[in-house]
Amino acid sequence: MSLDTVATVAGEPISVAEVDAAEARLRAGAGAARLPAAGTGEGRQLRRWLTQLIVTRRVVAAEAVARGLTARDAPAEADVLPDATARLEIGSVAAAALADPLSRAVYADVTAAVRVSDDDVAAYHARNPLRFAASSAAPDGWRAPALTAPPLDEVRRVIAEHLRGAARRRAFRVWLDARRAALVELAPGYEHPGDPRQPDNTHRH
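Residues numbered from 1 in each chain as written. Predicted model: local features only at pLDDT ≥ 70, side-chain atom pairs only at ≥ 80, totals over all residues. Heavy atoms only, no water.

(A) Summary view of the packing of helix α7 (residues 118–127) against helix α8 (residues 152–183). One can describe the packing of α7 onto α8 by two numbers: an axis separation of 9 Å at closest approach and a directional angle of 105°. With respect to α8, the axis of α7 lies roughly perpendicular. In this structure, α7 contributes D120, V121, A122, Y124 and H125 to the contact, and α8 contributes L152, V155, R156, I159, A160, H162 and L163. Counted by class, the contact of α7 with α8 contains 8 nonpolar, 2 polar and 2 charged residues. (Axes fitted to C-alpha atoms, helices over the stretch in contact; angles between N-to-C directions. Helix = DSSP H or I, 4+ residues; strand = E, 2+ residues; numbered from the N terminus. Parallel < 35°, antiparallel > 145°, perpendicular 65-115°, else oblique. Contact = heavy atoms within 4.5 Å. Nonpolar A, V, L, I, M, F, W, Y, C, P; charged D, E, K, R; others polar.)

(B) The arrangement of the pairing of strand β1 (residues 5–9) in detail. Where burial is concerned, most of β1 is hidden: 5 out of the 5 residues are buried. Alignment of β1 against strand β2 (residues 12–15), held across 4 bridges, turns out to be antiparallel. Across the sheet, the residue bridging to V9 is E12, located in β2. Taken together, β1 and the strand that follows it, β2, pair antiparallel across an intervening segment of 2 residues, in which A10 is found at a positive phi of about 55°. Looking at chain direction, β1 and strand β5 (residues 184–186) are connected through 3 bridges and run antiparallel. When the bridges of β5 are listed, T8 appears paired with E185. (Buried < 20%, exposed > 50% of the residue type's maximum accessible area, 1.4 Å probe, protein only. Pairing = 2+ DSSP bridges.)

(C) Molecular detail of α7. All of the buried residues in α7 are V121, Y124 and H125. Projected down its long axis, α7 shows its buried positions confined to an angular sector of 100°, all on one face. Turned more than 90 degrees from where α7 packs its buried face, D119, A126 and R127 sit exposed. (Arc of directions from axis to C-beta.)

The values are spatial; any link to function lies outside them.
So this is what it looks like as structure tokens:
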């Protein structure tokens, strides 16, 4: 791997210049003040994260071509990542990649066969009986939490959608990890930010 290459995806190089450009766009954006200073350990971690995002987008784009998918096949971002918990479940790199409609088209295709069973739905309701219970109006205009669990049949559909969404995110994360492991080679200095072997991954209190 040449000195101006940060990674290869299926043998195709990604240049240092591409990471430089991605970092420059971030540092020119509205959130620039929150970014770590360049040249620090945290700054190098940012560049590793950007490298992960770039290679992930390349992996997903290649998969879209292989599957004959286009951005027209994409679900809405809110359907894939409805809240902050969903973004944490799937990981920051995958969540950032899924801002792109083409990535969401691949996500939908990869996870289309994921299902949850009636037993899973019933077990979830038994463990979390008030999770999808409707709140009630309180005299002061606030909403009061429900005190009585709704019957399973009343919330079966929403529980199934909730569980299937989580299962699809897990399935996509596992698929993506496997594809990156098969296709991506990272240059020294551009390892995954969480790789314990690289010197900037230091746990501090």
